[in-house]
Amino acid sequence: MVLFAGFDLGGTDIKAGVVNERGELLFYKYLPTPDNISDLLKSFKDLWDYFNKEFSKNIIAAGFGLPGIYNIEKKLIHQSPHLSYLDDYPIHETISEFINVPFFINNDANLAAWGEYKIGAGKNAESMVLLTIGTGVGSGIIMGGKLWQGKCGFAGELGHIIVNPEGEECECGGRGCLETEVCSTKIVDNYIKLKGRKEEFKKLTSKDVFERAKAGEKEALRAFSIAGYFLGLGLASIINFLNPEKIILGGGVMEAGDLLLKPALEEAKKRAYKKAIECCEIRKASLGNKAGIIGSALWAAENIKRVT
Ligand SMILES: [Zn+2]
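Now for a description of the structure that goes with this document.

Rules and cut-offs
Residues numbered from 1 in each chain as written. Predicted model: local features only at pLDDT ≥ 70, side-chain atom pairs only at ≥ 80, totals over all residues. Helix = DSSP H or I, 4+ residues; strand = E, 2+ residues; numbered from the N terminus. Buried ≥ 20, exposed ≤ 12 C-beta atoms within 10 Å, placed from the backbone. Axes fitted to C-alpha atoms, helices over the stretch in contact; angles between N-to-C directions. Parallel < 35°, antiparallel > 145°, perpendicular 65-115°, else oblique. Left-handed = near helix turned anticlockwise from the far one by under 90°. Contact = placed C-beta atoms within 7 Å. Nonpolar A, V, L, I, M, F, W, Y, C, P; charged D, E, K, R; others polar. Pairing = 2+ DSSP bridges. Expected span 1.5 Å × (residues − 1). Arc of directions from axis to C-beta.

### Observations concerning unusual backbone geometry
Part 1: Residue K57 is not a glycine yet carries a positive backbone phi of 60°.
Part 2: Along the chain, K57 falls in the loop between α1 (37–54) and β4 (59–66).
Part 3: K57 sits in the exposed class, given 11 other C-beta atoms within 10 Å.

Structure (C-alpha cells):
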C-alpha cells in the first residue's frame, strides 16, 4: 500500500490527512492554526509523527499547501496575507528536519485546484480554473493537464485581477481586486451600506446576510447581486484570457448558490466572447474543504514520480 500525506494550512485550521493513490482520504485531522512559527512547526511535526506511526511507514511523500506567494525556486513564502510569520521564513528547510520522505510545498489554492482536477469537479478537464470564494479568493490554473505555476510559482492569483478600478483597497497592495469585491466581508459591507445603519450590524456574517436573502429581504439579495456582478466581470476576463474547459467555484460564499451565481453568469455572458463562454463549463467544486488536503497529497504523488 502506497500512501501520501497532505497538509492544508488555513487561517483557522491546519487540515491534514492521509490519501491513497486513488485520492481517497483514509484519515484526517484538524488542528487550530497557531499564531507563531514554532508552534506551527510543532503541529506539523506532531501530525506527521502520528500519521507515520498509524500508517506503518507506508506514506512515501507529503504535500503542503501554504497560504501566500510561494517561491518554488527559493522554497519560501514571500508574503502570506493572514499568517505574516511565514514571510520569508525558510519553511522548506525547517520541515526537512523532521520529515524523512520527499515533500513538496506549493500555494494552498494551487493545490486545492490540483485536487479538484485530479478527482473532483475538474476531473479529466484539459484546462481548468478553480476559484474559492471565502474570506478571500484563492485560485489555481490547470493548463494542458499541468498546474500552471509561472516562472517563480506566483501564477494563478486570479483573486487579484482588477474588476473595480476605484474599489476597495486590497491586501496585495492593489485596489478593487476580484477578492475585495466578492469576498464574504464585502457582501456584509454591501448589506450594511444598503441598510444604512452601521451600529446594529457589528457582528453580522455573510451567512446571516445569506439567511436574510433567502427570506427575501431586498437589501440582502442586492448585497449578493452586487458581488455577483463583480464575479461575472472576473469570470468574463478569465474566459476571454484562457478559454478554459471548466471553471470550478468553491469556498464558503458559494454556499449562497444562485444568489451569487445567477447575477455572475448574467454579467459574464454580456462581457465574454459568446463562443468562449458557451464552451466553458462553470460548476461548483465537489471536494468541499477537503480539496486542499487531497490536492496536497496528490501533488506529492505527482511529484514523487519525477523524483524517483
Ligand atoms: Zn488584490
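The structure having been displayed, the exposition proceeds.
### Things to note about the packing of helix α5 (residues 184–195) against helix α7 (residues 218–242)
Part 1: Running from N to C, α5 and α7 point in directions that differ by 135°, and their axes come no closer than 8 Å. Between α5 and α7, the angle is such that the two are oblique. Of the two possible hands of crossing, α5 and α7 adopt the one that is right-handed. Within the contact between the two elements, α5 uses K186, I187, N190, Y191, L194 and K195 and α7 uses E219, A220, R222, A223, F224, I226 and A227.
Part 2: Partitioning the contact of α5 with α7 into residue classes produces eight nonpolar, one polar and four charged.

### Thoughts on the sheet that holds strand β1 (residues 3–9)
Part 1: In spatial order, the strands read β3-β2-β1-β4-β7; together these five strands make up an open sheet with mixed pairing. On the outer flanks of this sheet lie β3 (25–32) and β7 (103–107), each paired with one strand and no other. Adjacent strand axes in the sheet meet at a mean angle of 15° when their direction is disregarded.
Part 2: Bridging between β1 and β4 involves six bridges; their strand directions are parallel. Residue L3 lies in a different strand from β4, and its bridge partner there is I59.
Part 3: α1 rests against β1, β2 (13–20), β3 and β4 of the sheet, and its axis sits at about 160° to β1.

### Considering α1
Part 1: Helix length check: α1 (18 residues) gives 26 Å between terminal C-alpha atoms against 26 Å at 1.5 Å per residue, within 8%.
Part 2: Along α1, the residues that are buried comprise L40, F44, L47, W48 and F51. All buried residues of α1 fall inside an arc of 100° around its axis, so they share one side. Structural note: α1 exposes S38, D49 and K53 on the side pointing more than 90 degrees away from its buried face.
Part 3: Those residues of α1 that are buried are in contact with β1, β2, β3, β4 and α2 (91–95).
Part 4: At the exit of α1 stands S56, carrying a positive phi of roughly 40°.

### Re helix α3 (residues 108–119)
Each α-helix winds once per 3.6 residues, and so residues spaced three or four apart point in a common direction.
Part 1: With twelve residues, α3 extends 17 Å between its outermost C-alpha atoms, agreeing within 8% with the 16 Å of an ideal straight helix rising 1.5 Å per residue.
Part 2: Counting buried residues in α3 gives twelve out of twelve residues, a clear majority hidden from the surface.

### Quick word on the pairing of strand β8 (residues 127–133)
Part 1: By the criterion of burial, β8 is predominantly enclosed, with seven of the seven residues buried.
Part 2: Judged by which residues are buried, β8 turns out to be covered on both faces: S127, V129, L131 and I133 on one side and M128, L130 and T132 on the other are all buried.
Part 3: For β8 and strand β9 (residues 137–143), the ladder comprises seven bridges, and the chain directions are antiparallel. For I133, the partnering residue across the bridge sits in β9 and is V137.
Part 4: Direction of pairing for β8 relative to strand β11 (residues 246–250): parallel, over a ladder of five bridges. What sits directly across from L131, in β11, is L249.

### What about the sheet that holds strand β10 (residues 146–147)?
Part 1: With mixed pairing, the five strands of this open sheet are ordered in space as β10-β9-β8-β11-β12. The sheet is open, and its two edges are formed by β10 and β12 (281–284), each paired on a single side.
Part 2: Contacting β8, β11 and β12, α7 runs over the sheet at an angle of about 160° to β8.

### Brief notes about the environment of A300
Part 1: In this structure, A300 sits in helix α10 (residues 291–307).
Part 2: Looking at A300, the number of C-beta atoms within 10 Å reads 29, which means it is buried.
Part 3: Between the alpha carbons of A300 and K195 there is a distance of 48 Å; along the sequence they are 105 residues apart.
Part 4: In this structure, A300 is in contact with F4, A61, A62, G63, F103 and F104, ignoring residues within four places of it in sequence.

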